[in-house]
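What the coordinates show
Read off the chains here:
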Amino acid sequence: MANNKQVLFASRPKGWVSEDNFRLVESPLPAPAEGQALVRNHWLSLDPYMRGRMDDAKSYAKGAELGQPMVGGTVGEVLESRSPKFKPGDWVVGALGWQEYGVGEAAALSKIDTAAAPASYYLGILGMPGVTAWMGLLDIAQPKEGETVIVSAASGAVGSVVGQLAKIRGCRAVGIAGGQAKCDYVTGELGFDACVDHRAGHLHANLKAAAPGGIDVCFENVGGEIFDTVLRLMNPFSRITICGLVSDYNATTPYALKNLRSILVNRIRMQGFIVSDRMELWPGAIGELAGWLKAGRLKYRESVATGLENAPGAFIGMLKGQNFGKQLVKLD
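Residues numbered from 1 in each chain as written. Predicted model: local features only at pLDDT ≥ 70, side-chain atom pairs only at ≥ 80, totals over all residues. Heavy atoms only, no water.

Some words on the environment of Val 75
This is how the line gets drawn: Think of it this way: any DSSP run of H or I at least four residues long counts as a helix, any run of E at least two long counts as a strand, and we number them from the N terminus. Note on contacts: a residue pair is in contact if any heavy atoms of the two residues lie within 4.5 Å.
Its location among the elements puts Val 75 in strand E4 (residues 74-81). Here the alpha-carbon distance between Val 75 and Asp 193, two residues 118 residues apart in the chain, equals 34 Å. With sequence-adjacent residues up to four places away left out, Val 75 is seen in contact with Asn 41, His 42, Trp 43, Trp 91, Val 92, Val 93, Ile 112, Ala 119, Tyr 122 and Leu 123.

Structure follows, in structure tokens:
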């Protein structure tokens, strides 16, 4: 059996992540202990939250450890199990990090049905990003029919689902994305009512034209100037879900919001959330998402890099907005 190829977290970035912050190594295959399973990872998930784990700062989760495989979600096949929960050949989703093989506690791995959907989908629309969209929009913001929902990073793994869920709920869905090609995808393939290119200039005027009745729900993934501009257009008693602030993740000086007064004047309810806080909601959310996907009411797109050695470059590209939909690495 081959050695285990790993990408280690080598150094903490100051500002933008670079490939020098990672190191590719080979090591002997790990052996599972009692209650564990050895998994051959086939897919690695790349997500914006990973940038926060690279900082040595207090956060909602433990940071990435220097000299260890970089953190990340994985889907793979069980090769050896020392738990009655799994047998060789089972496919599981877990968080085994940037490596081709990993040992995980059985309690931290979940069996998936690769006959119902492709394995990679359990890292995207039927996994953490899909549940994030479902929870942040339907559980927290609770849009009502006829309301206007705006979502930034609208062509990404989370934002693309948010807008489609808004349409299922009978809302007007407005996206914000970087570049005309992404906006065309958001309106043409995903079915949003409008999409504003934040790179085109005239952001406030274009957002106002796309949401002429104002904004009732903002699902925020980006922060910075984009969020600041959206605040100017929020309606009274509107809701804001803070899911991510990716524009600040590589900034040495965070953006200072200028339009916070809108929250007071419009009596806005704003809530941040972490999808792992409400694990009891996951089964129901995934069930609904799977049903809508099967019925053709949800569209899904993946950007795939091939080979573990290309994970750092794909991760940096995702943080720069180069991906369409969910960013993955195919490991075999």
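After that view, the rundown keeps rolling.
Some details on the packing of helix H2 (residues 128-141) against helix H8 (residues 282-294)
How we decide: The convention used is that axes are lines fitted to C-alpha atoms, helices contributing only their stretch in contact, and that angles between N-to-C directions extend from 0 to 180 degrees. Reported orientations rely on four angle classes, namely roughly parallel under 35 degrees, roughly antiparallel over 145, roughly perpendicular from 65 to 115, and oblique for the rest. Note that Gly is not counted as nonpolar here; it falls among the polar residues with everything else outside the nonpolar set of Ala, Val, Leu, Ile, Met, Phe, Trp, Tyr, Cys and Pro and the charged set of Asp, Glu, Lys and Arg.
Where H2 contacts H8, the axes come no closer than 9 Å and their chain directions differ by 100°. Regarding the angle of H2 to H8, the classification is roughly perpendicular. Residue-level contacts link Met 128, Gly 130, Val 131, Trp 134, Met 135 and Leu 138 of H2 to Trp 282, Ala 285, Ile 286, Glu 288, Leu 289 and Trp 292 of H8. Here the residues of the contact of H2 with H8 sort into 10 nonpolar, 1 polar and 1 charged.

Focus: the sheet that holds strand E12 (residues 234-242)
The strands making up a sheet associate through hydrogen bonds between their backbones, and the pairing can be parallel or antiparallel. What counts, and what does not: Paired strands, as defined in this entry, are two strands with at least two bridges between them according to DSSP.
The sheet built from 6 strands is open, its strands ordered E10-E9-E8-E11-E12-E13 with parallel pairing. The open sheet is flanked by strand E10 (194-197) and strand E13 (269-272), the only strands paired with a single partner. On average, each strand axis in the sheet is tilted by 15° relative to the strand beside it, whichever way the strands run. Pairing of strand E11 (residues 215-220) with E12 involves 5 bridges; the strand directions are parallel. Across the sheet, the residue bridging to Phe 219 is Thr 241, located in E12. Lying over the sheet, helix H5 (residues 203-210) contacts strand E8 (148-152), strand E9 (172-177) and E10, oriented at roughly 180° with respect to E10. Set on the sheet, helix H6 (residues 224-231) makes contact with E8, E9, E11, E12 and E13; between it and E12 the angle comes to about 155°.

Re the pairing of strand E15 (residues 326-330)
Heads up, the condition is: Partly exposed describes any residue whose relative accessible area lies between the buried limit of under 20% and the exposed limit of over 50%, with all areas from a 1.4 Å probe on protein chains only and scaled to the type maximum. Assignment of crossover handedness uses the view with strands pointing away from the viewer, where a clockwise path from the first strand over the helix to the second indicates a right-handed crossover.
The buried fraction of E15 amounts to 4 of the 5 residues, a majority that puts the element mostly inside the structure. Here 3 bridges tie strand E3 (residues 36-45) to E15, and the two strands are oriented antiparallel to one another. The residue bridging Trp 43 from the neighbouring strand is Lys 330, located in E15. Looking at chain direction, strand E14 (residues 302-306) and E15 are connected through 5 bridges and run parallel. Note on E15: the bridge partner recorded for Glu 302 is Lys 326. Taken together, E14, helix H9 (residues 311-319) and E15 form a β-α-β motif whose crossover is right-handed.

What to know about the packing of aromatic side chains
Heads up, the rule is: Each Phe, Tyr or Trp ring, with Trp reduced to its six-membered ring, pairs with another whose centre is within 6.5 Å; inter-plane angles below 30 degrees give stacked pairs, above 60 give edge-to-face pairs, and intermediate values give tilted ones.
One pass over the structure, following the stated rule, counts 6 aromatic pairs. Between Trp 98 and Phe 315 the ring centres are 5.8 Å apart and the planes differ by 80°, which places this aromatic pair in the edge-to-face class. Residue Trp 98 is found in the loop between strand E5 (91-94) and strand E6 (101-105), and its partner Phe 315 is found in helix H9; the two are separated by 217 residues along the sequence. On the accessibility criterion, Trp 98 (0% relative accessible area) is buried. With 6.4 Å between their ring centres and 80° between their planes, Phe 219 and Phe 273 make a pair best called edge-to-face. With Phe 219 in strand E11 and Phe 273 in the loop between E13 and H8, this residue pair connects regions lying 54 residues apart in the sequence. Taking relative accessible area as the criterion, Phe 219 reaches 0% and is therefore assigned buried. With relative accessibility at 9%, the residue Phe 273 sits in the buried group.

Brief notes about the pattern of salt bridges
Keep this limit in mind: We define a salt bridge as a side-chain nitrogen of Lys or Arg found within 4 Å of a carboxyl oxygen belonging to Asp or Glu.
Inspection of the entire model under this criterion finds 11 salt bridges. A salt bridge links Arg 82 to Glu 34, with the nearest nitrogen and oxygen atoms 3.0 Å apart. Here Glu 34 lies in the loop between strand E2 (22-27) and E3 and Arg 82 lies in the loop between E4 and E5, a separation of 48 residues in the sequence. Across the salt bridge formed by Lys 330 and Asp 332, the nearest N and O atoms sit 3.2 Å from each other. Here Asp 332 falls in the partly exposed class, since its relative accessible area comes to 41%.

A closer look at the side chain of Asp 228
To keep things clear, this is the line we draw: In this count, Lys and Arg are taken as positive residues and Asp and Glu as negative ones, while His and the chain termini are left out.
Mapped onto the elements of the fold, Asp 228 is located in helix H6. The side chain of Asp 228 sits in the buried core without any salt bridge; Lys 258 is the nearest counter-charge, 4.5 Å away. The contact partners of Asp 228, leaving out residues within four places of it in the chain, are Tyr 255, Ala 256, Leu 257, Lys 258 and Asn 259.

Re the environment of Asp 216
The line we're drawing: Residues adjacent in sequence count toward polar contacts only when both atoms are side-chain atoms; beyond that, a polar contact is any pair of N or O atoms within 3.5 Å, and within protein one must be able to donate a hydrogen and the other to accept it.
One can find Asp 216 in strand E11. Among the residues examined, Asp 216 registers a relative accessible area of 15% and is labelled buried. A sequence separation of 107 residues divides Asp 216 from Leu 109, and the C-alpha atoms of the two residues are 38 Å apart. At 2.8 Å, the side chain of Asp 216 forms a polar contact with the backbone nitrogen of Thr 148.

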